[in-house]
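One letter stands for each residue in the lines below.
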Amino acid sequence: MTTNNEYVEHYLNTSNVFPSVLALKLFMGNNPNFSFKEHELKGKKILDIGFGDGRDLYLFNHLNMDVYGVEPDERVVKHTQDKLRKLGFTPKLKTGHNNNTGLDNNTFDIIYASSSIYYLSSLEDRIIDALSHCYDILKTDGYFVGSMCRSDCFVTDEAVKLDENRLILEDPYFKFRKGQHYHVYNSQDEIRCDLMKCGFKVVSLSDYDVDWFGSRETLFLFVAQKSDR
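Calculation criteria
Residues numbered from 1 in each chain as written. Predicted model: local features only at pLDDT ≥ 70, side-chain atom pairs only at ≥ 80, totals over all residues. Heavy atoms only, no water. Salt bridge = Lys/Arg side-chain N within 4 Å of Asp/Glu carboxyl O. Helix = DSSP H or I, 4+ residues; strand = E, 2+ residues; numbered from the N terminus. Pairing = 2+ DSSP bridges. Axes fitted to C-alpha atoms, helices over the stretch in contact; angles between N-to-C directions. Contact = heavy atoms within 4.5 Å. Phe/Tyr/Trp six-rings, centres within 6.5 Å; stacked < 30°, edge-to-face > 60°. Buried < 20%, exposed > 50% of the residue type's maximum accessible area, 1.4 Å probe, protein only. Lys NZ or Arg CZ within 6 Å of the ring centre and 35° of its normal. Parallel < 35°, antiparallel > 145°, perpendicular 65-115°, else oblique. Left-handed = near helix turned anticlockwise from the far one by under 90°. Nonpolar A, V, L, I, M, F, W, Y, C, P; charged D, E, K, R; others polar. Polar contact = N/O pair within 3.5 Å; in protein donor to acceptor, adjacent residues only side chain to side chain.

Trainee: Would you mind showing me how to read the pattern of salt bridges here?
Mentor: Any two side chains of opposite charge can pair, given that their charged atoms come close. Scanning the model with the defined rule gives 16 salt bridges in all. Its salt-bridge partner being R150, residue D207 comes within 3.1 Å of it at the nearest N-O pair. Linking D207 in strand 10 (residues 200–212) with R150 in the loop between strand 6 (138–149) and strand 7 (160–161), this pair joins segments that are 57 residues apart in sequence.

Trainee: Quick question: what am I supposed to make of the sheet that holds strand 5 (residues 119–120) here?
Mentor: Paired through their backbone hydrogen bonds, the strands of a sheet run either parallel or antiparallel. Here we have four strands laid out as an open sheet, ordered 5-9-8-7, and antiparallel in their pairing. Only two strands of the sheet have a single partner each, and these edge strands are strand 5 and strand 7.

Trainee: I tried to follow the sheet that holds strand 6 on my own but got confused; where do I start?
Mentor: Taken together, seven strands build an open sheet; the order of strands is 3-2-1-4-6-11-10 and the sheet is mixed. Two strands close off the open sheet at either side, each with one partner strand: strand 3 (92–95) and strand 10. On average, each strand axis in the sheet is tilted by 15 degrees relative to the strand beside it, whichever way the strands run. As judged from the twelve bridges shared by strand 10 and strand 11 (residues 215–226), these two strands associate in the antiparallel manner. In the strand pairing of strand 11, W212 is matched with S215. The sheet contacts of helix 6 (residues 188–197) involve strand 6, strand 10 and strand 11, and relative to strand 10 the element is tilted by about 145 degrees.

Trainee: Can you walk me through the packing of aromatic side chains in this structure?
Mentor: Each aromatic ring pair is specified by the distance between its two centres and by the angle formed by the two planes. This structure, assessed with the given rule, holds 17 aromatic pairs. Where F34 meets F36, the ring centres are 4.9 Å apart and the plane angle is 85 degrees; that geometry is what we call edge-to-face. With relative accessibility at 1%, the residue F36 sits in the buried group. Ring geometry for Y118 versus Y119: centroids 5.8 Å apart, planes at 15 degrees, classification stacked. For the pair formed by Y118 and Y119, the shared burial category is buried. Pairwise contacts between aromatic rings join F27, F34, F36, F60, Y112 and Y143 into one cluster. Over the ring of F220 we find R150, and its NZ or CZ is 5.9 Å from the ring centre. In this structure, K226 packs its charged tip against the face of Y135, placed 4.7 Å from the ring centre.

Trainee: I'm lost on the pairing of strand 6 in this one. Help?
Mentor: The two faces of the sheet receive side chains in turn, since in a regular strand these alternate between them. Most of strand 6 sits out of view: nine of its twelve residues are buried. Bridge count for strand 4 (residues 108–113) against strand 6 is five bridges, and the pairing is parallel. From the neighbouring strand, A113 faces strand 6, where its bridge partner is G146.

Trainee: For this particular structure, what's the right way to read the packing of helix 2 (residues 21–28) against helix 3 (residues 55–62)?
Mentor: Helix-helix packing: each pair is described by the crossing angle between the helix axes and the interaxial distance. Where helix 2 contacts helix 3, the axes come no closer than 10 Å and their chain directions differ by 20 degrees. One way to sum up the angle between helix 2 and helix 3 is to call them roughly parallel. Helix 2 and helix 3 meet at a crossing whose hand is right-handed. For the pair formed by helix 2 and helix 3, the contact residues are A23, L24, F27 and M28 on the first element and D56, L59 and F60 on the second. Classifying every residue of the contact of helix 2 with helix 3 gives six nonpolar, no polar and one charged.

Trainee: Please clarify how the environment of D211 should be interpreted in this entry.
Mentor: Take D211: it is sitting in strand 10. Taking relative accessible area as the criterion, D211 reaches 52% and is therefore assigned exposed. In this structure the C-alpha to C-alpha distance between D211 and F154, which are 57 residues apart in sequence, comes to 9.5 Å. Within the structure, the side chain of D211 is placed 2.7 Å from the backbone nitrogen of G214, a separation counted as a polar contact.

Okay, structure coming up:
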């Protein structure tokens, strides 16, 4: 995951926490294909990769989970830790990247990666390395859940296209993602192939397509489970 000054400042200026729609639907919703409401979450170790302003960390704490998180910028880690501490909650946060968290293998019951796993730190990085790393640090039968960027999402407008899946963003709408490297997917089959290549069993894949008053946000939502290779 790459960072730039605008991206970091965005999170350093955020003082509130509100759970994301994805986290609420995944962990508290009654979804026909998959819902964490059917699982016992108390005491489960969860890692939020790219936690940003910490909005979902607070929800995970509310669900009595053992909460960890990584972000690539040390200032964001400290700011979010201090903010949550004032709310009476001290998650285990550290600097780390989606392809190298610095955390031990076979550690987590759940890995949550909302709009984060597809950030590439450099032109040399590949998303398959991040997916493989998540497989390694997840416990057997643990769940890997989150979102992938679809190739027609509004954030890809005016991006420099390196190949069919890799982009350098221009971000004409919000500016703070400019220069970041993204891996985007064109279909659910591409995601299924990469997850299975890393050893995951795909539990559910869904399309997310919402027109937010002129900015069309398109994602793929995924639930995968670690199985023995």
